[in-house]
Amino acid sequence: MLERYELEAFLTLAEELHFGRTAERLGVSTGRISQTVKKLERRFGTPLFARTSRSVRLTPVGHALYEDLLPAYRQMHAALARATAAGRGVHGRLRVGFGAPWSGELLTAAAADVAALHPGCEITVHEVPLDGGVRALREGTLDVQCATFPVREPDLTTGPVVATDERVLLLPVGHPLAGRASLGPEDLAGLDLIAPGGDSPRHWVDHHYPRSTPSGATVGRGPTAATWQEVLSHVTAGRGASPGAARGARYHPRPGIAYVPLRGAPPLVYGLVWPTASESALLRAFVAAVEGRPTGRPGHPPDGRTPRARGGGHP
């Protein structure tokens, strides 16, 4: 039987794939995380992580353990949150934001679940434009948002990962790369990426819209876009390319756009974010409802932030 700390240390490291960030999120030393992992590996009799001086990755056994443990952890966390909410009483208003349409569907369904259990609550769901980032949370016009990680603002709390998706590159169908079965990070060299305007944090933009390839080749910037529809229009018109989510091909089909898989790139990670100072029983009940619903999680653990961290938009 795993202790709760061992469980959280393993799940967090499986998602961060970095001992320092894992230690920071859990508020302990890097040495304690290392000792915990070694203890687990001795217990199971096999490595759970493959470590080098430059990288950390899950072994096949570690990956299987992650996939088996995460649903149980989320169910336990959701049950505790629901019990806490029931004991304290849930009431008030909650304004929820989303960027990607698939997360909007999830949040709307979770809002209905909470309203059914707590009829006195009012939960409204609103779309956040591509260039909105997490501004609405910080300005107080939203209470919680499903954003694309990473989110590193110190006054915000990042909660559970609710979905992951593989990355693709959106290209005009006539582009020389559009017919490829897949592309790698170096194939971005010389392309102009259509990035969001507004005041999205620089670290977030650079994470999703890199300015150079791993070898140092320049990646250009195309026109900016305020909404996803503007991105699609720019790509169709041949003004640039855009990173995106694989399931976007189903939600945003366009005859003039090719969705080409980006191999070697970490998956996109979507999670809940809220102002640290505004946590409430209603917020906890809503988070529990989101955690209790099935979500899309491709077969690789995300480079995200869960079970809990301090810290938007969607590519």
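Preceding this paragraph is the structure being described.
Residues numbered from 1 in each chain as written. Predicted model: local features only at pLDDT ≥ 70, side-chain atom pairs only at ≥ 80, totals over all residues. Heavy atoms only, no water.

S.K.: Lay out unusual backbone geometry in plain terms, naming residues and giving numbers.
M.R.: Following Phe 149, the chain continues into Pro 150 via a peptide bond in cis, with omega recorded as 10 degrees. Residues other than glycine seldom take positive phi values, yet Leu 17 does so here, at roughly 55 degrees. Relative to the helices and strands, Leu 17 is located in the loop between helix H1 (4-16) and helix H2 (19-26). Given a relative accessible area of 28%, Leu 17 falls into the partly exposed group. (Helix = DSSP H or I, 4+ residues; strand = E, 2+ residues; numbered from the N terminus. Buried < 20%, exposed > 50% of the residue type's maximum accessible area, 1.4 Å probe, protein only.)

S.K.: Would you mind going over the environment of Glu 186 in detail, with residue names and values included?
M.R.: Relative to the helices and strands, Glu 186 resides in the loop between strand S7 (167-172) and strand S8 (192-193). For the pair Glu 186 and Val 219, spaced 33 residues apart in sequence, the C-alpha separation works out to 9.4 Å. Excluding its chain neighbours within four sequence positions, the residues that come into contact with Glu 186 are Thr 213, Pro 214 and Ser 215. (Contact = heavy atoms within 4.5 Å.)

S.K.: Hey, could you go over the pattern of salt bridges for me, with residue numbers and the actual values?
M.R.: When the charged atoms of two side chains lie near each other, side chains of opposite charge can form a pair. Per the stated rule, a full pass over the model turns up 14 salt bridges. The partner of Arg 51 in a salt bridge is Glu 41, with the nearest N and O atoms 2.7 Å apart. Here the residue Arg 51 occupies a position in strand S1 (residues 49-51), and Glu 41 occupies one in helix H3 (residues 30-44), the gap between them amounting to 10 residues. When its relative accessible area of 33% is taken as the criterion, Arg 51 is described as partly exposed. Taking the relative accessible area as the measure of exposure, Glu 41 reaches 12% and is therefore buried. With a closest N to O distance of 3.7 Å, Asp 187 and Arg 180 form a salt bridge. (Salt bridge = Lys/Arg side-chain N within 4 Å of Asp/Glu carboxyl O.)

S.K.: Go over the nonpolar core, please, and point to the residues and values.
M.R.: Grouped together as the largest cluster of nonpolar side chains are 30 residues, with contacts concentrated most on Tyr 270, Leu 272 and Phe 286. Contributions of two or more residues to this core are made by strand S3 (92-98), helix H5 (101-117), strand S4 (121-127), strand S5 (144-148), strand S6 (156-165), strand S12 (268-275) and helix H10 (281-291). Sort the elements by how many residues they give to this core and H10 lands first, with 8 residues. Counting residues in each nonpolar core, the second largest holds 28 residues, with Val 168, Leu 183, Trp 204 and Leu 232 among its members. (Core = buried A, V, L, I, M, F, W, Y, C linked by side-chain atoms within 4.5 Å.)

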